[in-house]
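Summary of structural features
Here's the letter readout for the chains.
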Amino acid sequence: LGIKFHSSDTLQGKLIQACKANSLSPKKMIRAIDTCWNTMSDVIDHALYLRLPLDRVLSMTKYSKTDKGCKDLSHLKLSPEEWDLLIELQPMLKWFKKVTEHFSKSNCPLLFEVIPYIDSLTNKLERVVNDFTKAPIIRAATAKSRAVLNKYYGKTDIMYHMCMRCSRE
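A quick note: this is a predicted structure, and the numbers were derived from the prediction, not measured.

Let us look at unusual backbone geometry. One non-glycine residue, S23, lies in the positive phi region at around 55 degrees. The topology assignment puts S23 in the loop between α2 (9-21) and α3 (39-49).

Once that is clear, we can look at the pattern of salt bridges. Opposite charge on two side chains allows them to pair when their charged atoms are near. The tally for this structure, following the rule as stated, stands at four salt bridges. Salt-bridge contacts for D42 lead to K97; the nearest nitrogen and oxygen are separated by 2.3 Å. Highlighted residues: D42 in helix α3 and K97 in helix α5 (residues 80-104), separated in sequence by 55 residues. With relative accessibility at 17%, the residue K97 sits in the buried group.

On to the packing of aromatic side chains, then. Summed over all chains, the structure comprises one aromatic pair. With a centroid separation of 4.8 Å and 80 degrees between ring planes, the pair formed by F103 and Y117 is classed as edge-to-face. You can see F103 sitting in helix α5 and its partner Y117 sitting in helix α6 (residues 111-129), a full 14 residues away along the chain. With a relative accessible area of 14%, F103 lands in the buried category. Under the relative-accessibility criterion, Y117 is labelled partly exposed at 30%. The ring of Y49 has K27 lying over it, and the distance from NZ or CZ to the ring centre is 4.5 Å.

Between helix α4 (residues 51-58) and α5, whose axes approach to 13 Å, the crossing angle comes to 150 degrees. Judged on the interaxial angle alone, α5 and α4 are roughly antiparallel. In terms of crossing hand, the pair formed by α4 and α5 is right-handed. Where α4 approaches α5, its residues R51, L54 and D55 are matched on the opposing element by P80, W83 and I87. Counted by class, the contact of α4 with α5 contains four nonpolar, no polar and two charged residues.

Attention now goes to the nonpolar core. The biggest cluster of nonpolar side chains holds 20 residues, and the ones touching the most others in it are F5, L15, M29, L54 and V57. Of all elements in the fold, only α2, α3, α4 and α5 reach the threshold of two or more residues within this core. Two domains each put at least three residues into this core: domain 1 (1-78) and domain 2 (79-168). Apart from residues lying up to four places away in sequence, M29 is in contact with L1, G2, F5, H6, Q12, L15, V43, H46, A47, L50 and L54. F96, V99, L125 and L149 belong to the second-largest nonpolar core, a separate cluster that totals seven residues.

This paragraph deals with α3. Among the residues of α3, those classed as buried are T39, S41, V43, I44, H46, A47 and L48. Lining the buried residues of α3 we find α4 and α5.

Moving on to the environment of D119. With respect to the element layout, D119 can be found in helix α6. Sequence separation between D119 and L149 is 30 residues, and the spatial gap between their C-alpha atoms is 9.5 Å.

Looking now at the side chain of D55. Position of D55 among the secondary structure elements: in helix α4. No salt bridge is formed by the buried D55, whose closest oppositely charged neighbour, R51, lies at an N-O distance of 4.4 Å. Those residues in contact with D55, other than ones at most four positions away along the chain, are K77, L78 and W83.

Basis of the calculations
Residues numbered from 1 in each chain as written. Predicted model: local features only at pLDDT ≥ 70, side-chain atom pairs only at ≥ 80, totals over all residues. Heavy atoms only, no water. Helix = DSSP H or I, 4+ residues; strand = E, 2+ residues; numbered from the N terminus. Salt bridge = Lys/Arg side-chain N within 4 Å of Asp/Glu carboxyl O. Buried < 20%, exposed > 50% of the residue type's maximum accessible area, 1.4 Å probe, protein only. Phe/Tyr/Trp six-rings, centres within 6.5 Å; stacked < 30°, edge-to-face > 60°. Lys NZ or Arg CZ within 6 Å of the ring centre and 35° of its normal. Axes fitted to C-alpha atoms, helices over the stretch in contact; angles between N-to-C directions. Parallel < 35°, antiparallel > 145°, perpendicular 65-115°, else oblique. Left-handed = near helix turned anticlockwise from the far one by under 90°. Contact = heavy atoms within 4.5 Å. Nonpolar A, V, L, I, M, F, W, Y, C, P; charged D, E, K, R; others polar. Core = buried A, V, L, I, M, F, W, Y, C linked by side-chain atoms within 4.5 Å. Domains from an automatic or database assignment. Lys, Arg positive; Asp, Glu negative; His and termini not counted.

What follows is the structure in C-alpha cells.
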C-alpha cells in the first residue's frame, strides 16, 4: 500500500483530494525503507491517519476490477480486521522506535544505560503477550519480539559481568 501510493503521483494527488473531502490536513502516503525498520512505524501512523482517504481512493471504480483503463488496486484495500491489527501493532512499534531514537542520539550507548530500556521493553511486551484481548497474531508476534530481545539481553549479562570485573582491576 505504501509503496504503491508513494511511487504514484496520480494516487498521491487522489489521496490529497480525499483528505480534503474528509476534512483532514493533506498528507502523502509514505513507504517503509528496508534498512530503516523504524519507518514501518511511520508508515502505519500515516496509514491510520489516512484510513478514510485511502479507503475512498481504493473504492473508486477507476481502481477496481471493473474498470479496464487502470490497474486493479482493490487488493490493497484493508479489511476492518486488518485496520484493527494495525491499531494494535502501532503502540508496540512506537516503543521500539522511541528506544532506537534515544540511543541513536548517543555515539556510544553504555551497557548500564541500555539495560533499563531492555527491561522496560521486556515488561511491556510481556503485558501484551499475556493480554488475551489482543489478537492472537499480535500476541504471537510480540512473543517473538520478546524472544529476540531476551536473546540479546542474555548476551548483555556476560558483557556486564566482564565490564564489572575490568572496572575493579
